[in-house]
Every structure is written in C-alpha cells, then in structure tokens.
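Spelled out, the chains give:
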Amino acid sequence: MAKKKQAKDAAPPRLRRKPYAKELFRLQAELVTMQEWVRSTGARVVVVFEGRDAAGKGGAIKRVTEHLSPRVARIAALPAPTERQRGQWYFQRYIEHLPAAGEIALFDRSWYNRAGVERVMGFCTQDEYHRFLHQCPIFERMLVEDGVFLLKYWFSVSDVEQERRFLARRDDPMRRWKLSPMDLESITRWEDYSRAKDEMLVHTDIPEARWRVVESEDKRRARINMIAHLLSAVPYTEIPTKPLTFPHRPPSRGYQRPPRDEQHYVPDHAATLE
C-alpha cells in the first residue's frame, strides 16, 4: 500500500525538450492571437506572478511576452518603494501600472509583497498587514467589476529545488545578479514564508479572482501549464486581418548615399570570428 501511495505522490517526469518546444511555440502563437483580440476589443488583462524566490516566475513571464508587442503587453517589476511612496495608500503605486484599454499588464511580483516579504521580514506593521488582508479582496473585486480580467498565479517549488537553483545562480556569472541577499535570507525563513503564503491564500482566494497554483519543480512543465491556463481564462477569439499589400517603390530621384568615410561605423567585430 505504501508503495502505491508513493508512486501516486511522485512528481511527474521532466518534460522533454522537443515536445516542450513544440507546444510552447503553439501556445505563443495563441498568445499573439489573444493579444490582437485584446488590442482590437479594448480588453484589459492583469496577470499577477507570485511565488518563492527562484520558483520560475521570471522565466514564465519571458516566455509569455517573447513574441508580444511591448506596446500591448507590459511588464511591471517595481523596485522598493521610495520615501514618498511609503506615505501613499499602499495600492497607489501599483494602480498606475494597471492596463488601459487594449493592454496586458504582467506583474513580476505585485501588491502581494505586503503579504509575503514585507510580512516575513518585518517591513510593515501588524496594522498595515491586517489592513492589506482586508482591503486586497475589495481592491481586486473593484478591478473585476470594472471589466478587468485578473489572473493570479502562485509558483510553487520545494526547498530542495529552490536551493539547487540558488547554487546554480551562484556558480553562473551570467545569472549571479539574480541572487540577492533577500533570496539568501529566505532560505532560513522557509516556514515563515509558508505560513505567510497559507494565510494570504485564505484571505485573498476570492471567487472573483482565484489563486492558481503552478507546480514549478519542472520549469518547462510549469510554463506550459501556466500559459495554457491563461489562454483558457481569457475569452479571446481570432480577429480577422486584412492582407497586407506592399506599395511599389517609386523610381529614384537622384539620391546618393554619402561616402562611408564621412560616417562613424561600429568596428567589424564579427570579422575577427571568421
């Protein structure tokens, strides 16, 4: 019996690269179709990415936006609040990053900082924390009532996998910048973050804006699952497009390009590779 239970609870095998790449490309093509629907209909979409450090939020956002127009799909990754922003209503600095008609806003961490890192690290008071838990559902209901499509994803990763990813970042000069002192501090506060996440879900998992948990032990699988759900949650349709007709280039009227030695070109570094 124990063996059966262990097999049932075992994590699914890692998604192989070839089927991952094929399905990712198909889903990204659908995201482009969704983008055109958003732009044409004036819809507003907000996608919140939350989760533990190194859980795969950034990689998922990168795959979502890879083929989208930055004029339509914008990423909001806010730094620590300024002194002036600390004196504002808590949600105020996030509101200015919400989408206008025909836009998609993807929050790489969001107002839920207060329920996570601020709560655990003591960056907010108890009164500020409890006020957030009370106001957040009201704030999100207002967005949904106004017609915003609000999607919230929590990327879940184990402590073992998180530490493995931290070590990989430490040993990789190209990714070391991702490893902050706050990330390292989270290792010693694993259970504190777990309790904070559980309490956050209890208060903010509302019918109008459900939390969706993304199992992220396998980043490929997590990206595919998250994007597929996003596409299923937005009622987009394909917008017919008119065929593009290229105009004929008019005949030359005598323009001559200036001599090359009169302009400053970048050095031909590529020639050194041949």
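Residues numbered from 1 in each chain as written. Predicted model: local features only at pLDDT ≥ 70, side-chain atom pairs only at ≥ 80, totals over all residues. Heavy atoms only, no water.

Undergrad: Now, about the layout of surface pockets: what can you tell me, with residues and values included?
TA: Quantified by volume, the second largest pocket comes out at close to 190 Å³. As for the second largest pocket, its lining consists of Arg14, Arg17, Tyr20, Glu161, Arg164, Arg165, Glu217, Asp218, Lys219, Arg220 and Arg223. In terms of residue class, the lining of the second largest pocket is made up of 1 nonpolar, no polar and 10 charged. (1 Å grid on protein atoms, 1.4 Å probe; cavity = no way out; pocket = protein on both sides within 12 Å on 5 of 7 lines; lining within 4 Å. Points joined across faces, edges and corners; volume = space filled by probe spheres on them. Nonpolar A, V, L, I, M, F, W, Y, C, P; charged D, E, K, R; others polar.)

Undergrad: Pulling in residues and values, what's your account of the sheet that holds strand β3 (residues 103-108)?
TA: An order of β2-β3-β1-β4-β5 is seen for the 5 strands of this open sheet, with the pairing classed as parallel. Looking at strand neighbours, the two that pair on one side only are β2 (73-76) and β5 (211-215), the edges of this open sheet. Going from strand to strand, the sheet's axes swing by 20 degrees on average, the running direction of each strand aside. The pairing of strand β1 (residues 44-51) with strand β4 (residues 149-156) spans 7 bridges and is classified as parallel. In the strand pairing of β4, Gly51 is matched with Phe155. (Pairing = 2+ DSSP bridges. Helix = DSSP H or I, 4+ residues; strand = E, 2+ residues; numbered from the N terminus. Axes fitted to C-alpha atoms, helices over the stretch in contact; angles between N-to-C directions.)

Undergrad: I'd like to hear about the pattern of salt bridges, residue by residue, with values.
TA: It is possible for side chains of opposite charge to pair when their charged atoms get near one another. Inspection of every chain in the model, using the stated rule, returns 21 salt bridges. Salt-bridge contacts for Arg119 lead to Glu199; the nearest nitrogen and oxygen are separated by 3.8 Å. Of the two residues, Arg119 sits in helix α6 (residues 117-121) while Glu199 sits in helix α10 (residues 190-204), which places them 80 residues apart along the sequence. Taking relative accessible area as the criterion, Arg119 reaches 28% and is therefore assigned partly exposed. Put simply, Arg210 and Asp205 hold a salt bridge, and the shortest N to O gap is 3.6 Å. (Salt bridge = Lys/Arg side-chain N within 4 Å of Asp/Glu carboxyl O. Buried < 20%, exposed > 50% of the residue type's maximum accessible area, 1.4 Å probe, protein only.)

Undergrad: Got a sec to walk through the pairing of β1? Specific residues and values, please.
TA: Burial analysis of β1 places 7 of its 8 residues in the buried class, which makes it a mostly covered element. Alignment of β1 against β3, held across 6 bridges, turns out to be parallel. By the bridge assignment, Val46 is partnered in β3 with Ala105.

Undergrad: Please provide a residue-by-residue account of the nonpolar core, values included.
TA: One finds Met226 and Leu230 to be the most contacted residues of the largest nonpolar core, which totals 33 residues. Going through the elements one at a time, α2 (17-41), β1, α3 (57-65), β3, β4 and α11 (219-233) are the ones with two or more residues in this core. Per element, the largest residue contribution to this core is 7 residues, and it comes from α2. In contact with Met226, other than residues within four places in its own chain, are Val47, Phe49, Val64, Tyr153, Phe155 and Val214. Grouped together as the second largest cluster of nonpolar side chains are 27 residues, Tyr94, Leu98, Leu201 and Ile206 included. (Core = buried A, V, L, I, M, F, W, Y, C linked by side-chain atoms within 4.5 Å. Contact = heavy atoms within 4.5 Å.)

Undergrad: Give a detailed account of the environment of Lys197, specifying residues and quantitative values.
TA: Residue placement: Lys197 occurs in helix α10. Considering only alpha carbons, one finds Lys197 and Trp154, 43 residues apart in sequence, at a separation of 9.3 Å.

Undergrad: Now, about the packing of aromatic side chains: what can you tell me, with residues and values included?
TA: Counted by the stated rule, this structure contains 17 aromatic pairs. Ring geometry for Tyr112 against Phe132: centres 5.8 Å apart, planes inclined by 85 degrees, an arrangement best described as edge-to-face. Residue Tyr112 is located in the loop between β3 and α6, and its partner Phe132 is located in helix α7 (residues 126-145); the two are separated by 20 residues in the primary sequence. When its relative accessible area of 2% is taken as the criterion, Tyr112 is described as buried. Among the aromatic residues, ring-to-ring pairing joins Trp89, Tyr90, Phe91, Tyr94, Phe107, Trp111, Tyr112, Phe132, Phe139, Trp154 and Trp211 into one connected group. One residue, Arg119, lies across the ring of Tyr129, its end atom 4.1 Å from the ring centre. Positioned above the aromatic ring of Tyr265, the side-chain terminus of Arg260 is 4.2 Å from the ring centre. (Phe/Tyr/Trp six-rings, centres within 6.5 Å; stacked < 30°, edge-to-face > 60°. Lys NZ or Arg CZ within 6 Å of the ring centre and 35° of its normal.)

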